[in-house]
Amino acid sequence: MNDLPHRRRNLLTGEWLLVSPHRAKRPWQGETAPPLAPERVAHDPGCHLCPGNLRATGQANPDYPGTYVFDNDFAALLPDADPAEPHSVFESAPARGEARVICFAANHGQTLARLDPAAMARVIDTWCAQSAELGAKWAHVQLFENKGAMMGASSPHPHGQVWASDFVPELVAKEDARQRDWLAERGTVLLDDVVAAELADGSRVIEASDHWLAVVPHWAGWPFEVLLVARGGVARLEDMDGPARYSLPLILSRLLRRYDGLFDTDFPYSMGWHGAPHGLGGDTAHWRLHAHFLPPLLRSATVRKHMVGFELLAETQRDLTPEAAAQRLRAVDVAP
Ligand code: H2U
Ligand code: ZN
(Lines give C-alpha, C1' and ligand atoms only; values in the text may rest on other atoms or scores of the structure.)
(Ligands and ions follow the chains in the order given, each with its own letter.)
Protein backbone atom coordinates (compact mmCIF):
# COMPACT_ATOMS: atom_id res chain seq x y z
CA MET A 1 0.00 0.00 0.00
CA ASN A 2 2.93 2.31 0.59
CA ASP A 3 3.67 2.95 -3.11
CA LEU A 4 0.24 4.10 -4.18
CA PRO A 5 -1.85 7.10 -3.12
CA HIS A 6 -3.76 6.56 0.10
CA ARG A 7 -5.16 8.56 2.99
CA ARG A 8 -4.16 8.33 6.63
CA ARG A 9 -5.96 9.67 9.66
CA ASN A 10 -4.48 11.88 12.33
CA LEU A 11 -6.03 10.35 15.44
CA LEU A 12 -5.28 13.43 17.54
CA THR A 13 -7.22 15.82 15.30
CA GLY A 14 -9.51 13.40 13.45
CA GLU A 15 -8.33 14.87 10.14
CA TRP A 16 -7.36 12.79 7.12
CA LEU A 17 -4.38 13.50 4.89
CA LEU A 18 -3.37 12.33 1.43
CA VAL A 19 -0.10 10.40 0.93
CA SER A 20 1.22 10.21 -2.65
CA PRO A 21 4.51 8.27 -2.44
CA HIS A 22 4.98 7.86 -6.21
CA ARG A 23 5.29 11.66 -6.59
CA ALA A 24 8.49 11.77 -4.52
CA LYS A 25 10.29 10.75 -7.73
CA ARG A 26 9.19 13.76 -9.79
CA PRO A 27 11.81 16.23 -11.07
CA TRP A 28 12.39 19.37 -9.03
CA GLN A 29 12.76 22.77 -10.68
CA GLY A 30 11.34 24.91 -7.93
CA GLU A 31 12.82 27.22 -5.36
CA THR A 32 16.43 26.89 -4.32
CA ALA A 33 18.20 29.41 -2.15
CA PRO A 34 21.70 29.68 -0.69
CA PRO A 35 22.00 28.20 2.82
CA LEU A 36 21.56 30.70 5.61
CA ALA A 37 24.93 30.97 7.31
CA PRO A 38 24.21 30.47 11.02
CA GLU A 39 25.39 33.25 13.27
CA ARG A 40 27.62 31.86 16.03
CA VAL A 41 28.70 34.87 18.09
CA ALA A 42 28.23 34.36 21.84
CA HIS A 43 26.94 37.90 22.35
CA ASP A 44 25.35 40.20 19.79
CA PRO A 45 25.18 43.85 20.92
CA GLY A 46 22.14 44.35 18.68
CA CYS A 47 20.17 41.39 20.06
CA HIS A 48 17.11 42.22 22.17
CA LEU A 49 17.42 38.90 24.04
CA CYS A 50 21.10 38.79 25.02
CA PRO A 51 21.99 39.38 28.71
CA GLY A 52 22.54 43.03 29.60
CA ASN A 53 21.09 44.33 26.31
CA LEU A 54 18.16 46.66 25.83
CA ARG A 55 14.92 45.22 24.50
CA ALA A 56 12.80 46.96 21.87
CA THR A 57 11.00 48.82 24.66
CA GLY A 58 14.23 50.22 26.08
CA GLN A 59 14.04 47.97 29.15
CA ALA A 60 17.33 46.21 30.01
CA ASN A 61 17.72 42.46 30.34
CA PRO A 62 19.55 41.39 33.51
CA ASP A 63 22.92 39.73 33.19
CA TYR A 64 21.26 36.31 33.33
CA PRO A 65 23.44 33.17 33.32
CA GLY A 66 21.08 30.43 32.11
CA THR A 67 17.41 30.65 31.17
CA TYR A 68 15.54 33.95 31.43
CA VAL A 69 11.79 34.55 31.25
CA PHE A 70 10.19 37.96 30.65
CA ASP A 71 6.73 39.26 29.76
CA ASN A 72 6.43 39.55 26.00
CA ASP A 73 6.64 43.28 25.19
CA PHE A 74 4.23 42.75 22.29
CA ALA A 75 1.96 40.10 23.82
CA ALA A 76 -0.77 38.62 21.63
CA LEU A 77 -2.91 38.06 24.71
CA LEU A 78 -3.59 40.56 27.47
CA PRO A 79 -5.22 40.21 30.90
CA ASP A 80 -7.97 42.52 29.64
CA ALA A 81 -10.22 41.52 26.78
CA ASP A 82 -12.58 43.18 24.39
CA PRO A 83 -16.07 42.45 25.76
CA ALA A 84 -17.26 41.13 22.36
CA GLU A 85 -20.93 41.90 21.81
CA PRO A 86 -23.25 39.12 20.69
CA HIS A 87 -24.08 39.07 16.94
CA SER A 88 -25.54 36.22 14.91
CA VAL A 89 -23.28 36.87 11.90
CA PHE A 90 -20.24 38.66 13.28
CA GLU A 91 -19.60 36.12 16.01
CA SER A 92 -16.78 36.86 18.42
CA ALA A 93 -15.71 36.05 21.94
CA PRO A 94 -13.48 37.68 24.55
CA ALA A 95 -9.91 36.39 24.81
CA ARG A 96 -7.73 36.98 27.83
CA GLY A 97 -4.28 35.75 28.71
CA GLU A 98 -0.61 36.59 28.92
CA ALA A 99 2.52 35.88 26.94
CA ARG A 100 6.15 35.51 27.92
CA VAL A 101 9.45 34.98 26.15
CA ILE A 102 11.80 32.24 27.40
CA CYS A 103 15.49 32.68 26.61
CA PHE A 104 16.95 29.17 26.59
CA ALA A 105 20.54 30.28 27.20
CA ALA A 106 22.66 33.37 27.65
CA ASN A 107 24.88 32.43 24.72
CA HIS A 108 23.50 34.03 21.56
CA GLY A 109 25.13 31.41 19.34
CA GLN A 110 23.58 28.39 21.05
CA THR A 111 20.63 26.29 19.94
CA LEU A 112 18.57 23.78 21.92
CA ALA A 113 20.21 21.05 19.85
CA ARG A 114 23.68 22.11 20.96
CA LEU A 115 22.95 22.71 24.67
CA ASP A 116 24.76 20.37 27.04
CA PRO A 117 22.51 18.08 29.15
CA ALA A 118 22.64 20.35 32.25
CA ALA A 119 21.61 23.41 30.22
CA MET A 120 18.90 21.40 28.46
CA ALA A 121 17.61 20.27 31.89
CA ARG A 122 17.36 23.95 32.94
CA VAL A 123 15.21 24.68 29.90
CA ILE A 124 12.97 21.73 30.76
CA ASP A 125 12.72 22.91 34.38
CA THR A 126 11.75 26.35 33.12
CA TRP A 127 9.07 24.88 30.83
CA CYS A 128 7.68 22.88 33.79
CA ALA A 129 7.68 25.91 36.10
CA GLN A 130 5.95 28.12 33.50
CA SER A 131 3.34 25.45 32.83
CA ALA A 132 2.58 25.10 36.55
CA GLU A 133 2.61 28.83 37.32
CA LEU A 134 0.53 30.00 34.36
CA GLY A 135 -1.67 26.89 34.55
CA ALA A 136 -2.83 27.98 37.99
CA LYS A 137 -4.30 31.13 36.38
CA TRP A 138 -5.31 30.19 32.86
CA ALA A 139 -7.28 27.50 30.99
CA HIS A 140 -4.41 26.55 28.67
CA VAL A 141 -0.66 27.13 28.58
CA GLN A 142 0.99 26.83 25.17
CA LEU A 143 4.77 26.52 25.23
CA PHE A 144 6.48 26.63 21.85
CA GLU A 145 9.60 27.48 19.91
CA ASN A 146 9.74 28.94 16.42
CA LYS A 147 13.26 28.17 15.30
CA GLY A 148 15.00 29.70 12.35
CA ALA A 149 14.33 32.60 10.00
CA MET A 150 12.41 30.23 7.73
CA MET A 151 9.87 29.77 10.53
CA GLY A 152 9.64 33.49 11.14
CA ALA A 153 11.71 33.54 14.33
CA SER A 154 12.52 37.17 15.00
CA SER A 155 15.97 36.50 16.49
CA PRO A 156 18.61 33.78 16.25
CA HIS A 157 19.08 33.99 20.02
CA PRO A 158 17.88 30.62 21.44
CA HIS A 159 14.40 31.31 22.75
CA GLY A 160 10.86 30.09 22.89
CA GLN A 161 7.57 31.51 23.99
CA VAL A 162 4.65 30.76 26.23
CA TRP A 163 1.13 31.99 25.60
CA ALA A 164 -1.46 31.32 28.29
CA SER A 165 -5.15 31.86 27.58
CA ASP A 166 -8.51 31.79 29.30
CA PHE A 167 -9.76 29.62 26.42
CA VAL A 168 -8.58 26.26 25.06
CA PRO A 169 -7.24 26.96 21.53
CA GLU A 170 -8.64 25.06 18.55
CA LEU A 171 -5.97 22.38 18.04
CA VAL A 172 -5.76 21.56 21.72
CA ALA A 173 -9.56 21.43 21.99
CA LYS A 174 -9.62 18.95 19.08
CA GLU A 175 -6.97 16.79 20.72
CA ASP A 176 -8.87 16.94 23.99
CA ALA A 177 -12.12 15.82 22.34
CA ARG A 178 -10.45 13.03 20.35
CA GLN A 179 -8.62 11.65 23.39
CA ARG A 180 -11.74 11.93 25.55
CA ASP A 181 -13.88 10.08 22.97
CA TRP A 182 -11.26 7.35 22.55
CA LEU A 183 -11.22 6.63 26.29
CA ALA A 184 -15.03 6.71 26.51
CA GLU A 185 -15.47 4.39 23.52
CA ARG A 186 -12.61 1.94 24.08
CA GLY A 187 -11.59 2.24 27.69
CA THR A 188 -7.95 2.81 26.67
CA VAL A 189 -5.82 5.96 26.32
CA LEU A 190 -5.35 7.06 22.70
CA LEU A 191 -1.68 8.00 22.89
CA ASP A 192 -0.82 4.90 24.93
CA ASP A 193 -2.36 2.84 22.11
CA VAL A 194 -0.42 4.89 19.54
CA VAL A 195 2.85 4.35 21.43
CA ALA A 196 2.22 0.59 21.69
CA ALA A 197 1.31 0.31 17.99
CA GLU A 198 4.27 2.42 16.81
CA LEU A 199 6.70 0.42 18.97
CA ALA A 200 5.27 -2.86 17.70
CA ASP A 201 5.51 -1.68 14.08
CA GLY A 202 8.86 0.02 14.51
CA SER A 203 9.14 1.50 11.01
CA ARG A 204 8.58 5.10 12.13
CA VAL A 205 10.36 5.03 15.51
CA ILE A 206 13.23 7.52 15.94
CA GLU A 207 14.09 7.25 19.63
CA ALA A 208 12.56 5.07 22.34
CA SER A 209 13.15 4.73 26.06
CA ASP A 210 11.13 3.56 29.05
CA HIS A 211 9.79 7.10 29.42
CA TRP A 212 9.64 8.58 25.91
CA LEU A 213 8.90 7.70 22.33
CA ALA A 214 9.95 9.93 19.42
CA VAL A 215 8.24 8.84 16.24
CA VAL A 216 7.34 10.19 12.80
CA PRO A 217 3.67 9.47 13.39
CA HIS A 218 1.76 7.33 10.89
CA TRP A 219 -0.29 10.45 10.12
CA ALA A 220 2.57 13.01 9.88
CA GLY A 221 1.73 15.92 7.60
CA TRP A 222 5.08 17.71 7.41
CA PRO A 223 7.90 15.72 5.76
CA PHE A 224 9.98 15.23 8.92
CA GLU A 225 7.29 15.82 11.53
CA VAL A 226 7.96 14.11 14.86
CA LEU A 227 5.73 13.37 17.83
CA LEU A 228 7.47 12.99 21.19
CA VAL A 229 5.16 11.21 23.64
CA ALA A 230 5.58 10.69 27.37
CA ARG A 231 5.01 7.10 28.43
CA GLY A 232 3.69 6.08 31.83
CA GLY A 233 0.63 8.21 32.39
CA VAL A 234 2.01 11.77 32.36
CA ALA A 235 -0.65 14.36 31.45
CA ARG A 236 1.24 17.65 31.92
CA LEU A 237 4.85 18.84 31.92
CA GLU A 238 4.89 19.49 35.65
CA ASP A 239 3.50 15.99 36.33
CA MET A 240 6.64 14.26 35.03
CA ASP A 241 8.24 12.08 37.69
CA GLY A 242 12.00 12.11 38.25
CA PRO A 243 12.94 9.42 35.72
CA ALA A 244 10.78 10.94 32.93
CA ARG A 245 12.25 14.37 33.61
CA TYR A 246 15.87 13.26 33.88
CA SER A 247 15.69 11.23 30.69
CA LEU A 248 14.11 14.01 28.62
CA PRO A 249 17.29 16.07 27.95
CA LEU A 250 19.03 13.17 26.22
CA ILE A 251 16.11 12.11 24.04
CA LEU A 252 15.34 15.72 23.09
CA SER A 253 18.97 16.42 22.34
CA ARG A 254 19.33 13.28 20.22
CA LEU A 255 16.20 14.14 18.23
CA LEU A 256 17.31 17.74 17.60
CA ARG A 257 20.83 16.66 16.61
CA ARG A 258 19.32 14.19 14.14
CA TYR A 259 17.40 17.12 12.66
CA ASP A 260 20.56 19.24 12.39
CA GLY A 261 22.47 16.35 10.85
CA LEU A 262 19.81 15.53 8.27
CA PHE A 263 20.67 18.42 5.95
CA ASP A 264 23.76 19.61 7.83
CA THR A 265 22.07 22.81 8.94
CA ASP A 266 20.56 24.56 11.96
CA PHE A 267 17.29 22.76 11.32
CA PRO A 268 14.26 25.09 11.40
CA TYR A 269 11.00 24.01 12.99
CA SER A 270 8.08 24.97 15.13
CA MET A 271 7.82 22.78 18.19
CA GLY A 272 5.48 22.92 21.12
CA TRP A 273 4.16 21.04 24.11
CA HIS A 274 0.62 19.76 24.44
CA GLY A 275 -0.50 18.72 27.90
CA ALA A 276 -3.93 18.46 29.42
CA PRO A 277 -5.42 21.97 29.42
CA HIS A 278 -5.22 23.27 32.97
CA GLY A 279 -8.88 24.27 32.87
CA LEU A 280 -9.71 20.56 33.07
CA GLY A 281 -8.32 20.38 36.60
CA GLY A 282 -7.90 16.72 37.52
CA ASP A 283 -10.00 15.43 34.60
CA THR A 284 -6.89 14.27 32.71
CA ALA A 285 -7.15 10.46 32.48
CA HIS A 286 -7.53 10.67 28.66
CA TRP A 287 -4.51 12.98 28.16
CA ARG A 288 -0.88 12.19 27.53
CA LEU A 289 1.83 14.85 27.48
CA HIS A 290 3.46 15.17 24.07
CA ALA A 291 5.43 17.58 21.91
CA HIS A 292 4.96 18.17 18.19
CA PHE A 293 7.97 19.02 16.02
CA LEU A 294 6.87 20.54 12.72
CA PRO A 295 9.83 21.30 10.45
CA PRO A 296 9.31 22.81 6.99
CA LEU A 297 12.34 21.31 5.20
CA LEU A 298 11.82 18.68 2.51
CA ARG A 299 14.97 17.86 0.59
CA SER A 300 17.85 20.13 1.63
CA ALA A 301 18.74 22.97 3.96
CA THR A 302 16.92 25.34 1.62
CA VAL A 303 14.18 23.42 -0.16
CA ARG A 304 11.07 23.45 1.94
CA LYS A 305 7.68 21.88 1.73
CA HIS A 306 5.05 24.49 0.95
CA MET A 307 1.63 23.86 2.37
CA VAL A 308 -0.20 25.35 -0.64
CA GLY A 309 -2.79 24.44 -3.30
CA PHE A 310 -4.47 21.21 -2.33
CA GLU A 311 -3.16 21.47 1.24
CA LEU A 312 -4.64 24.94 1.76
CA LEU A 313 -7.84 24.24 -0.12
CA ALA A 314 -8.59 20.56 0.43
CA GLU A 315 -6.42 18.58 2.86
CA THR A 316 -2.82 18.01 3.87
CA GLN A 317 -0.81 16.03 1.32
CA ARG A 318 2.68 14.56 1.38
CA ASP A 319 4.91 12.70 -1.09
CA LEU A 320 7.75 11.36 1.07
CA THR A 321 6.25 8.66 3.27
CA PRO A 322 6.55 8.92 7.06
CA GLU A 323 8.40 5.57 6.94
CA ALA A 324 11.01 6.95 4.52
CA ALA A 325 11.37 10.11 6.61
CA ALA A 326 11.90 8.04 9.76
CA GLN A 327 14.51 5.91 8.02
CA ARG A 328 16.47 9.04 7.05
CA LEU A 329 16.29 10.49 10.57
CA ARG A 330 17.43 7.20 12.07
CA ALA A 331 20.36 7.08 9.67
CA VAL A 332 21.82 10.35 11.04
CA ASP A 333 24.76 9.58 13.27
CA VAL A 334 24.30 11.00 16.79
CA ALA A 335 26.47 10.15 19.73
CA PRO A 336 25.77 9.40 22.50
P1 H2U B 1 9.72 34.61 17.88
O2 H2U B 1 9.61 33.39 18.78
O3 H2U B 1 8.78 34.51 16.73
O4 H2U B 1 11.13 34.87 17.49
O5 H2U B 1 9.26 35.85 18.74
C6 H2U B 1 10.00 36.39 19.78
C7 H2U B 1 9.10 37.20 20.67
O8 H2U B 1 9.89 38.11 21.42
C9 H2U B 1 8.07 38.02 19.92
O10 H2U B 1 6.80 37.56 20.29
C11 H2U B 1 9.16 39.28 21.64
C12 H2U B 1 8.33 39.45 20.38
O13 H2U B 1 7.12 40.09 20.68
N14 H2U B 1 10.07 40.38 21.89
C15 H2U B 1 9.92 41.14 23.04
O16 H2U B 1 9.00 40.89 23.82
N17 H2U B 1 10.78 42.15 23.28
C18 H2U B 1 11.81 42.49 22.46
O19 H2U B 1 12.53 43.40 22.72
C20 H2U B 1 12.05 41.73 21.22
C21 H2U B 1 11.09 40.61 20.92
ZN1 ZN C 1 21.31 37.31 21.72
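Each value, and the rule that gives it
- Residues numbered from 1 in each chain as written.
- Chains lettered and ligands numbered in written order.
- Predicted model: local features only at pLDDT ≥ 70, side-chain atom pairs only at ≥ 80, totals over all residues.
- Heavy atoms only, no water.
- Helix = DSSP H or I, 4+ residues; strand = E, 2+ residues; numbered from the N terminus.
- Rg over C-alpha atoms; globule rule 2.2 N^0.38 Å.
- Buried < 20%, exposed > 50% of the residue type's maximum accessible area, 1.4 Å probe, protein only.
- Contact = heavy atoms within 4.5 Å.
- Lys, Arg positive; Asp, Glu negative; His and termini not counted.
- Charge placed at Lys NZ, Arg CZ, Asp CG, Glu CD.
- Axes fitted to C-alpha atoms, helices over the stretch in contact; angles between N-to-C directions.
- Parallel < 35°, antiparallel > 145°, perpendicular 65-115°, else oblique.
- Nonpolar A, V, L, I, M, F, W, Y, C, P; charged D, E, K, R; others polar.
- Pairing = 2+ DSSP bridges.
- Expected span 1.5 Å × (residues − 1).
- Polar contact = N/O pair within 3.5 Å; in protein donor to acceptor, adjacent residues only side chain to side chain.
- Near = heavy atom within 4 Å.
- Areas by Shrake-Rupley, 256 points an atom, 1.4 Å probe, with all protein chains shown as cover.

## Quick notes on the overall build of the protein
Scanning the protein for helices and strands turns up six helices and twelve strands. Against the 2.2 N^0.38 benchmark of 20 Å for 336 residues, the protein shows a C-alpha radius of gyration of 20 Å, consistent with a compact globule. Structurally, the protein occupies a C-alpha span of about 55 × 50 × 45 Å along its principal axes. Per-residue burial over the protein gives 49% buried out of 336 residues. For the protein, the proportion of contacts with a sequence separation of at least 24, taken over those separated by at least 6, is 68%. If you average the places of the 32 positive and of the 42 negative side-chain charges in the protein, the two averages end up 6 Å apart.

## A closer look at the packing of helix H4 (residues 242-262) against helix H6 (residues 322-331)
Axis separation between H4 and H6 bottoms out at 8 Å; the angle between their running directions is 95°. On the basis of the axis angle, H4 is roughly perpendicular to H6. From H4, Arg258, Tyr259 and Leu262 reach across to H6, where they touch Arg328, Leu329 and Arg330. Looking at the contact of H4 with H6, its residues break down into three nonpolar, no polar and three charged.

## Remarks on the pairing of strand S2 (residues 16-19)
Residues in a regular strand point their side chains to alternate faces of the sheet. Side chains of S2 alternate between two faces, with Leu17 and Val19 buried and Trp16 and Leu18 left unburied. Across four bridges, the pairing between strand S1 (residues 6-9) and S2 is antiparallel. Bridging from a neighbouring strand, His6 pairs with Val19 of S2. Between S1 and S2, which pair antiparallel one after the other, the connecting turn spans six residues, and Gly14 there sits at a positive phi close to 85°.

## As for helix H1 (residues 117-135)
The end-to-end C-alpha distance of H1, which contains 19 residues, comes to 26 Å, matching closely the 27 Å that a straight helix rising 1.5 Å per residue would cover. For H1, the complete set of buried residues consists of Ala119, Met120, Val123, Ile124, Thr126, Trp127, Cys128, Gln130, Ser131, Leu134 and Gly135. In this structure, the buried side of H1 is in contact with strand S3 (68-71), strand S4 (97-103), strand S5 (140-147), strand S6 (159-165), H4 and strand S10 (269-274). N-capping of H1 is provided by Asp116, with a side-chain oxygen placed 3.1 Å from the backbone N of Ala118.

## Comments concerning unusual backbone geometry
The omega torsion across Ala335 and Pro336 is 0°, close enough to zero to call that bond cis. Relative to the elements of secondary structure, Pro336 occurs in the segment after H6. One non-glycine residue, Ala84, lies in the positive phi region at around 55°. The residue Ala84 is located in the loop between S3 and S4 in this model. Ala84 gets classed as buried once you look at its relative accessible area, which sits at 18%.

## Thoughts on the sheet that holds S1
Within a sheet, neighbouring strands are paired by backbone hydrogen bonds and run either parallel or antiparallel to one another. One open sheet accounts for three strands, arranged S1-S2-S12; its pairing is mixed. The strands lining the two open edges of the sheet, one partner per strand, are S1 and strand S12 (317-318).

## Quick notes on the sheet that holds S6
If you trace the nine strands from one edge of the open sheet to the other, you get S3-S4-S6-S5-S10-S11-S9-S8-S7, paired in antiparallel fashion. Each having just a single partner strand, S3 and strand S7 (205-208) make up the two edges of the open sheet. In this sheet, neighbouring strand axes are inclined to one another by 20° on average, regardless of whether the strands run parallel or antiparallel. For strand S8 (residues 212-215) and strand S9 (residues 226-230), the ladder comprises four bridges, and the chain directions are antiparallel. Pairing of Ala214 across the sheet is with Leu228, part of S9. Here helix H3 (residues 190-201) sits on the sheet and contacts S7, S8, S9 and strand S11 (290-294); the angle it forms with S8, its principal contact strand, is near 65°.

## Notes on the site of ligand 1
Around ligand 1, the surrounding shell holds 14 residues, and the nearest of these are Ala56, Asn72, Asp73, Ser154 and His159. One nitrogen or oxygen atom from the side chain of Asp73 is found 2.7 Å from a nitrogen atom belonging to ligand 1. Here ligand 1 loses 87% of its free accessible area of 480 Å² to cover by the protein chains. Residue classes in the shell around ligand 1 are distributed as five nonpolar, seven polar and two charged.

## What to know about H3
Look at H3: 16 Å from first C-alpha to last across twelve residues, which is about the 16 Å you get at 1.5 Å a residue. Residues of H3 that are buried make contact with helix H2 (170-186), S7, S8, S9 and S11. In the stretch just after H3, Gly202 is the one whose phi turns positive, near 80°.

## Digging into the environment of Val334
By the secondary structure assignment, Val334 is in the segment after H6. Residue classification places Val334 among the buried residues on the basis of a relative accessible area of 11%. Expressed as a C-alpha distance, the spacing of Val334 and Val89, which sit 245 residues apart in the sequence, is 54 Å. Once residues lying within four places of it in the same chain are set aside, the contact partners of Val334 are Arg254, Arg257 and Arg258.

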